[in-house]
Amino acid sequence: MVTILLVRHADIDLPRVTRDPSLNDAGRQRAQALAHVVASAVVTTAFTSSFRRTKETVGPALEVLGIGAREMPAPVTVAREARAGTLGAVVLIAGHSDTVPEVIAALGVPSPPVIGETQFDNLFVVTLAEPTGASLLALKYANPSA
């Protein structure tokens with residue numbers, strides 16, 4: 001069994017004034033909360049996008065876990081590698097409001113969630129079961145999004 005933990009990057013100021021903003025104060029607090037949540041999850045692989053906000057979101061967690069992150073390949077590649085077991089038992093992914101649902105769909109969840117522009121508090125847990133089943137648990141973490 002493989003478990004994939006997916007989050008959209010933590011809070012940024014909206015509307016964005018730059019293509020690659022850093023997290024705001026609430027986002028940095030949320031990143032610390034994520035580190036607390038996943039600290040005992042024995043994450044073996046972490047993925048981020050190329051953007052600073054995803055890297056800053058998982059940065060504290062990676063420090064606690066003692067691992068690095070890789071830039072996320074295409075969602076179908078992540079799904080294939082996860083099913084093959086090459087990513088390990090627990091995977092952490094920080095993406096965006098459009099990419100997180102794409103990954104969830106590629107993993108085989110029939111109705112992936114829609115993430116609103118101001119939603120930063122979602123933590124999605126996808127469990128892959130053999131041979132092709134996938135289940136989704138939608139959670140919230142840290143302070144509620146505005």
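Quick look at the structure, then. Model, not experiment: these values are computed from the prediction.

Focus on the sheet that holds strand 5 (residues 122-129)
The strand order across the open sheet formed by six strands is 3-2-4-1-5-6, and the pairing between neighbours is mixed. Looking at the sheet topology across the chains shown, the edges are occupied by strand 3 (70-71) and strand 6 (133-140). Pairing geometry for strand 5 and strand 6, over eight bridges, is antiparallel. Bridging across to strand 6, V126 finds its partner in L136. Helix-sheet contacts for helix 2 (residues 52-65) involve strand 1 (2-8), strand 2 (45-48) and strand 4 (90-95), and the interaxial angle to strand 4 is about 150°.

Some thoughts on the side chain of R8
By secondary structure assignment, the location of R8 is in strand 1. Of the residues examined, R8 reaches a relative accessible area of 4% and is grouped as buried. Among the polar contacts listed, one links the side chain of R8 to the backbone oxygen of E117, at a separation of 2.8 Å. For R8, the side chain forms a polar contact with the main-chain oxygen of Q119, separated by 2.9 Å.

Observations regarding the nonpolar core
I4, L6, I93, L107 and V126 are the most contacted members of the largest nonpolar core, which has 20 residues in total. Those elements that place two or more of their residues in this core are strand 1, helix 3 (75-84), strand 4, helix 4 (99-106) and strand 5. Not counting residues within four places of it along the chain, the set of residues in contact with V126 comprises V2, T3, I4, L6, I104, L107, V109, A134, S135 and L136. Within the second largest apolar cluster, 17 residues are counted, among which are L5, V43, A94 and V125.

Conventions used here
Residues numbered from 1 in each chain as written. Predicted model: local features only at pLDDT ≥ 70, side-chain atom pairs only at ≥ 80, totals over all residues. Heavy atoms only, no water. Pairing = 2+ DSSP bridges. Helix = DSSP H or I, 4+ residues; strand = E, 2+ residues; numbered from the N terminus. Contact = heavy atoms within 4.5 Å. Axes fitted to C-alpha atoms, helices over the stretch in contact; angles between N-to-C directions. Buried < 20%, exposed > 50% of the residue type's maximum accessible area, 1.4 Å probe, protein only. Polar contact = N/O pair within 3.5 Å; in protein donor to acceptor, adjacent residues only side chain to side chain. Core = buried A, V, L, I, M, F, W, Y, C linked by side-chain atoms within 4.5 Å.

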